[in-house]
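Summary of structural features
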Amino acid sequence: MAAPGERLSVTLRERLEARDVKVGCDAGDCGACTVLLDGRPVCACLMPTQRVAGHAVDTLAGLVRTDPLAQTLTQTFQDHGAAQCGICTPGMMVAAVALLRDTPRPQAAEVQDALGGVLCRCTGYRKILDAVLAAGHPPAPLTGSGAVGSAIRRLDGAAKVTGTEVFGDDVAPPGTLELRVIRSPHPRARFQFGDLAQYARAAGLEAVLTADDIGGTNCFGVIPDFADQPVFAETETRFQGEAIAAVIATPDRMRQFDPVDFPVTWTVLDPVMTVEAAQDATAPQLHANRPGNLLCGGLVQCGDADAALARADVTVTGQFSTSFVEHAYIEPEAGYAVPEGDRIAVYACTQAPVMDLDGLEHILGIDRRRIRIVPTAVGGGFGSKLDLSVQPYLALGVLKTGKPVRMAYSRHESMQSTTKRHPAEISITIGATRDGKICGLQFAGDFNTGAYASWGPTVATRVPIHASGPYLVRDYRAQSRAIHTHSPPSGAFRGFGVPQAAAALEPLLDDLATKLGLDPLEFRISNALQAGEPTVCGQVFSQGVGITACLTALRPAWAAAKADCASFNAGQGAHGFLRRGVGVAAGWYGCGNTSLPNPSTIKAGIRANGQIVLHQGAVDIGQGSSTVITQIFAQALGVSVDQVVLVGADTDLTPDAGKTSASRQTFVSGNAARRTGLALRQQILAQLNAADTARIVPGPTGLSVIDAAQTHALDLTRQPPNGEGYVLQAMETYDPPTQPPDENGQGAPYAQFGYAAHLAMVEVDLALGTVRALGFTAAHDVGQAINPLLVEGQVQGGIAQGLGMTLMEEFVPGRTANLHDYLIPTIGDMPPVDTLIIEEPDAHGPFGAKGLGEHVLIPTAPALLNAIHHATGLRMTRLPVTPSRLHAAIKAHADA
Amino acid sequence: MGYVTPSSLQDAVDALSHPEAVIVAGGTDLYPALRDRPVPANLVDISAIPALHGITATPTGWRIGGATTWTDLIRARHLPAAFDGLKAAARDLGSVQIQNVATLAGNLCNASPAADGVPALLALDAEVELIGPTGTRVMPLATFVTGPRQTQLRPGDLMVALYVPALPDSSQSSFLKLGSRRYLVISIAMVAVVLWLDDQDRVVGARVAVGACSAVAQRLPKLEADLRGRPVRDLLTEPLVTKAHLASLAPIDDIRGSATYRQDAALHLCQRALRAAAVKFRPADE
């Protein structure tokens, strides 16, 4: 029996086991909970359950069982790669069913109108649009073999399109005790609790947790040397939304819980919210051991930048600033922890299960063997789910109550309390000689790293290495600083600061080309880094440098777009208010940890019945690593993908494949999978003394090997299986070869870089300051596309995030912690993307493959900024370029 | 009381006499405003009251039941072209999911300065009918909303219906919304226009309303007066809107845009909305 006014989403999920209904915001802003009410799409989170008595409610899982349109969509969504993480997929598909019932063969604009109420953060929407359009036509299924280089459906796709995928909030059984965190409403405040024991009794709570309940250390952080964040603040908070306590209660009690009743008194203190304020001599110091609120800095220098700039024929200089950017995955952090004997198992959405285990070991103060981390499906991560969120609270809750405990962040607390992209203040000066070669580059960037270290040191390290862009710059000096403020911690977000640096560098390269009278694309091509030339870190790659190929691939689109813009703008006449522009920009990104050990280990075994099992611990957060790593493993072993059984990430079952971060899973875990496949292959062939060229053929009852036209059955029953049931087993590790930097940042920080170049075309409304993206051409050097469908998905999704960062996304602490004040692109904002896959094989990559995930948004913002400049003549230096800001610039320019 | 679903206006009024009663209609403002707090314990669901539904012709115009959803409005084929602006506002309101449940009365009672329904209803000269413990009151929408999130609703009141006075059959209308993205977006500014002409294609009646640029959306009487008597083709060719016409607006700076931006954008939107309405008359020389 639903409580009065209970949200239909709660009733469906908790009383009727319809966990296919996803909750992303509880405010109608994301559409993930879309269900059909008498055939019409509605948000279940806004619907009182009592209202639907006597009416028909359809959720995705039910539609998939009974509705032919939904069944067709399950196929087209998989064939088009329309589901990445899959958290928005139920909402998208339900909304699409309603459309297709009325309009069996919709136009693109009709699909956009119908799906405009469902947000997706992974795909960039174009694959979803294609999948819905395809549902109105005869099916054209994917026919890839699964071999490396072939486009196949993601292996975990079926669960995502049928509503059976299990995300962080989908594990706990109904009735489980619920936990809620009490958070600071002030950025900086001292606090004192009232009588918590009495409160807990009076309020009917199971337990209250505070810092006093922490048996280990009330301190965590992703980089051990910089760990500084408390699970619960003890006396003073450092950002709005910081945890001070938690309450645990039954679901019925929790539905009535009002956090304003919690007994705490606050003494509000003045915060420092900007880098400038934090460096003032009188500023409060966030951490006693970090004077000046300086977390750390980074430096890379080579040659003599000052001298080169002095001798340059032309120089350009500029200051750029960017904002906090929120990851805005549609799945808020959620999980479930349960006592298993004297152990604790934590099921939660995460990008880094072994790091979670490391963190909990210290916080709980118990033997790590007593902790098991089981990643659930992750409804989007993009860097923020590398850090601990719900895990410590859940584990502490289990220790306190001895019972299973669950929790899910509300959208508000997810946005308040989890990490953000660093706001940056960047100054650059670049010189060039008259012959069009870069001559000297100086870069200084200050990054607002928020209240705690998180990945701030990584950003400070990565930025100076990448701030040159993928160009030959012999005289270079780049410095970065990460500064604390009373803001949410800035952490990892797709690119670790490199997108901000590119958004400053690439516009200035356009300005430099203009000063030299050169075409911006050709200027970049003539300065592009070549194999055999040193990077700014002095690292020389003899192969695999694909930036020239990326840039030259844009030439046809560049010529066509320039002509299109010229003709459109001429047709506007003097009074027309629309102007089109086109811009290009490039980017590069080193795959894997910077100059640090970064191993992945993959395990595989063969059972007595011939079944091949792959223990793959790399967390697939939607990008497709489970599919890609399996394709690589199968290719190395010499079998097909569908002959491999996958065991997903679980610290009890899978060796450490590292974190899903730094665009490392295809490269590093892929290499470990390849080595494991090869090792297992050698073991099989050795059993039969078969040649290296022999073919392994799994059958229903065992393996056979075909060698020189002779088939040998492999008797797997002769030897006893090991403890895990495997007759043969292989486990291999790969750690990319890097070298630590010297005091000038010279060294070999990465074993490989991936390269990218984007072209963006925009239409600017000069009267309103609005910018509409018309299309992108994106050239990406991925070395070897393991699965081209997934490559396109990464590219389109990354561009959508770059578009959002450029035009609309600005997180203001205390003001925009929801999805109607913080805007991300909708399906109506993303134009077509033409993906040009460049394959400049890398000597270290598995089958030549390079990482891709983060590269995809590095050139997007500057390509858009350059397109806006082309359309308007205005150099916008602050992100995002909101209509209000662009309008102000247009007006100031007209007045001047 | 818990959750009650009255089936008549009188039952609703009785239920709303409970001191903690909260109305739930579409739920699209009620639930988001809770944030992390619990659902109110006493809810009066007004969706099952027949008097709150239906879009019907009256001797003097149109009556729209307060619980009419935006989708109901979009699908009301019998409404004249004067309602096209309101329908355009409906299609720009949130998303299909929101339009399917959010009600016209809810949009007015929530009284956001950026309420998408208000400018078009102001341009239709709508009146609202309230019922409460002391009986029924009818008042112009322009006076019903008194400030940001402030209305003339008293405790226990309920909005029953909206009334739109009849307009000449030939009336045309338009609506333009400015936001930072395509869907699910709170307006930075918006403009609604209703126009009608004489047989010489001159403007007889012009109503222009601007939203999100003042504490309460407002009509622009000076602009409306200046448009009267103008040949409609002037609206297509001449920049007729001046800063003076918008002098009564008082936009604010917020995360969506600066006050200056809103003021300038409103002017352009007025110009374009007038053109969008005027072009529907297909003047002879077009």
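Everything in this summary refers to the structure shown in the same document. (Residues numbered from 1 in each chain as written. Chains lettered and ligands numbered in written order. Predicted model: local features only at pLDDT ≥ 70, side-chain atom pairs only at ≥ 80, totals over all residues. Heavy atoms only, no water.)

**Points about the overall build of chain B**
Stated formally: In DSSP terms, a helix is any run of H or I states spanning at least four residues, a strand is any run of E spanning at least two, and both are numbered starting from the N terminus. We take the radius of gyration over the C-alpha atoms and set the globule estimate at 2.2 Å times the residue count to the 0.38 power. Residue exposure (1.4 Å probe, protein chains only): buried if accessible area is under 20% of the type maximum, exposed if over 50%, otherwise partly exposed. It only takes one pair of heavy atoms within 4.5 Å for two residues to be counted as in contact.
Helices and strands together make up the secondary structure of chain B, namely eleven helices and 14 strands. Taking 286 residues into account, the globule formula puts the C-alpha radius of gyration at 19 Å, and chain B, at 19 Å, falls close to it. Expressed along its principal axes, the backbone C-alpha trace of chain B runs to roughly 65 × 45 × 30 Å. In chain B, which comprises 286 residues, the share counted as buried stands at 59%. Counting only contacts in chain B whose residues sit at least 6 apart along the sequence, the fraction spanning at least 24 positions is 59%.

**With respect to the overall build of chain A**
The condition is simple: Working definition of accessibility: Shrake-Rupley area with a 1.4 Å probe, residue cover restricted to the visible protein chains. When charges are counted, neither His nor the chain ends are considered; positive counts come from Lys and Arg and negative counts from Asp and Glu. Charge positions come from single atoms, namely NZ of Lys, CZ of Arg, CG of Asp or CD of Glu.
Scanning chain A from N- to C-terminus turns up 24 helices and 31 strands. Its C-alpha atoms give chain A a radius of gyration of 27 Å, near enough to 29 Å, the size a compact globule of 896 residues would have. When its C-alpha atoms are laid out on the principal axes, chain A stretches across 80 × 75 × 60 Å. Evaluated residue by residue, chain A yields a buried proportion of 65% over its 896 residues. About 29,000 Å² of surface is accessible on chain A, with carbon and sulfur atoms providing 52% of the total. The average position of the 67 basic charges and that of the 86 acidic charges among the side chains of chain A differ by 1 Å.

**What to know about the packing of helix H24 (residues 883–895) of chain A against helix H11 (residues 259–278) of chain B**
Two packed helices can be described by the angle between their axes and the distance between those axes. Stated formally: Angles run from 0 to 180 degrees between N-to-C directions of axes, and those axes are lines fitted to C-alpha atoms, restricted for helices to the stretch in contact. In these notes the angle categories are as follows: under 35 degrees is roughly parallel, over 145 is roughly antiparallel, 65 to 115 is roughly perpendicular, and the rest is oblique.
Running from N to C, H24 of chain A and H11 of chain B point in directions that differ by 80°, and their axes come no closer than 9 Å. Put simply, H24 of chain A runs roughly perpendicular to H11 of chain B. On H11 of chain B, the residues touching Pro883, Ser884, His887 and Lys891 of chain A of H24 of chain A are Thr260, Tyr261 and Asp264 of chain B.

**Concerning the packing of aromatic side chains**
Residues and elements named next belong to chain A. Short version of the rule: Ring geometry is summarised as follows: Phe, Tyr and Trp rings, the Trp one being its six-membered ring, pair when their centres sit within 6.5 Å, and such pairs are stacked at plane angles under 30 degrees, edge-to-face over 60 and tilted between the two.
In this structure the tally under the stated criterion is 17 aromatic pairs over all chains. Measuring from centroid to centroid gives 5.3 Å for Phe232 and Tyr393, while their planes differ by 55°, and the two rings are tilted. You can see Phe232 sitting in the loop between strand S6 (207–209) and strand S7 (236–237) and its partner Tyr393 sitting in helix H13 (residues 391–401), a full 161 residues away along the chain. We classify Phe232 as buried; its relative accessible area is 0%. Both rings, one in Phe239 and one in Tyr452, keep their centres 6.2 Å apart while their planes meet at 80°; by these two values the pair is edge-to-face. In this pair, Phe239 is assigned in the loop between S7 and strand S8 (243–249) and Tyr452 in the loop between strand S19 (438–450) and helix H15 (456–466), connecting sequence segments 213 residues apart. Grouping residues by exposure puts Phe239 and Tyr452 together as buried.

**Quick word on the pattern of salt bridges**
Residue and element names in this part refer to chain A. Heads up, the rule is: Salt bridge, as used here: a side-chain nitrogen of Lys or Arg that lies within 4 Å of a carboxyl oxygen of Asp or Glu.
In total, this model carries 65 salt bridges over all chains according to the counting rule given. Salt-bridge contacts for Lys603 lead to Glu724; the nearest nitrogen and oxygen are separated by 2.7 Å. Of this pair, Lys603 sits in strand S22 (residues 600–607) while Glu724 is found in the loop between strand S27 (710–714) and strand S28 (726–734), placing the two residues 121 residues apart along the sequence. What emerges from the salt-bridge pattern is a single network uniting Arg13, Glu14, Arg19, Lys22, Asp169, Asp170 and Arg406.

**Considerations on the side chain of Glu331 of chain A**
Residues and elements named next belong to chain A. Rules: Nitrogen and oxygen atoms within 3.5 Å of one another constitute a polar contact, given that in protein one can donate a hydrogen and the other can accept it, and given that sequence-neighbouring residues count only through two side-chain atoms.
Its place among the elements puts Glu331 in the loop between strand S12 (325–326) and strand S13 (334–340). At 2.9 Å, the side chain of Glu331 forms a polar contact with the side chain of Lys385. Among all residues touching Glu331, those that are not within four sequence positions of it are Ile87, Phe167, Gly168, Asp169, Cys349, Ala377, Val378, Gly379, Lys385 and Arg411.

**Here we look at the sheet that holds strand S2 (residues 22–24) of chain B**
Residues and elements named next belong to chain B. Rules: The criterion for strand pairing is that DSSP finds at least two bridges linking the strands in question.
Spatially, S1-S3-S2 is the arrangement adopted by the three strands of the open sheet, whose pairing is parallel. Single-partner strands in this sheet number two, and they are strand S1 (3–4) and S2. Sheet analysis places S1 next to strand S3 (residues 43–45), joined by two bridges and oriented parallel. Within S3, the position partnered with Tyr3 by the bridge is Leu43.

**Observations regarding the interface of chain B and chain A**
Applicable threshold: Once two parts are joined, some of their accessible surface, as seen by a 1.4 Å probe, is lost; buried area is that loss totalled over both. All amino acids are sorted into three groups, where Ala, Val, Leu, Ile, Met, Phe, Trp, Tyr, Cys and Pro are nonpolar, Asp, Glu, Lys and Arg are charged, and the leftover types, Gly among them, are polar.
Opposite the 49 residues of chain B that make contact, chain A presents 59 residues. For the pairing of chain B and chain A, the buried interface totals around 4,300 Å² over both sides, and the portion due to carbon and sulfur atoms is 55%. When the area that chain B buries against chain A is broken down by residue, the three leading residues are Gln97, Arg181 and Tyr183 of chain B, summing to 18%. In this structure, the connection of chain B to chain A is made through seven salt bridges. Mapped by element, the contributors of at least two residues to the side of chain B that touches chain A are helix H2 (30–34), S3, helix H3 (70–74), helix H5 (96–99) and H11 of chain B. Considering every element that reaches the side of chain B that touches chain A, the biggest residue donor is H11 of chain B, with seven residues. Classifying every residue of the side of chain B that touches chain A gives 23 nonpolar, 15 polar and eleven charged.

**Observations regarding helix H4 (residues 89–102) of chain A**
All names here are of chain A. Note the following rule: Helix span, as expected, comes to 1.5 Å for every residue beyond the first.
The terminal C-alpha atoms of H4, which comprises 14 residues, lie 20 Å apart, in line with the 20 Å expected from a rise of 1.5 Å per residue. Burial within H4 is extensive, with twelve of its 14 residues counted as buried. Residues of H4 that are buried: Thr89, Pro90, Gly91, Met92, Met93, Val94, Ala95, Ala96, Val97, Ala98, Leu99 and Leu100.

**Let's talk about the sheet that holds strand S23 (residues 612–615) of chain A**
All names here are of chain A. Read across the sheet, four strands follow the order S24-S23-S22-S28 without closing on themselves; strand pairing throughout is mixed. With one partner strand each, in any of the chains shown, strand S24 (644–647) and S28 form the two edges of the open sheet. When the angles between neighbouring strand axes are averaged without regard to direction, this sheet yields 20°. For S23 and S24, the ladder comprises four bridges, and the chain directions are parallel. When the bridges of S24 are listed, Ile612 appears paired with Val644. Contacts from helix H21 (residues 665–687) reach S22 and S28, with the element oriented near 145° to S28.

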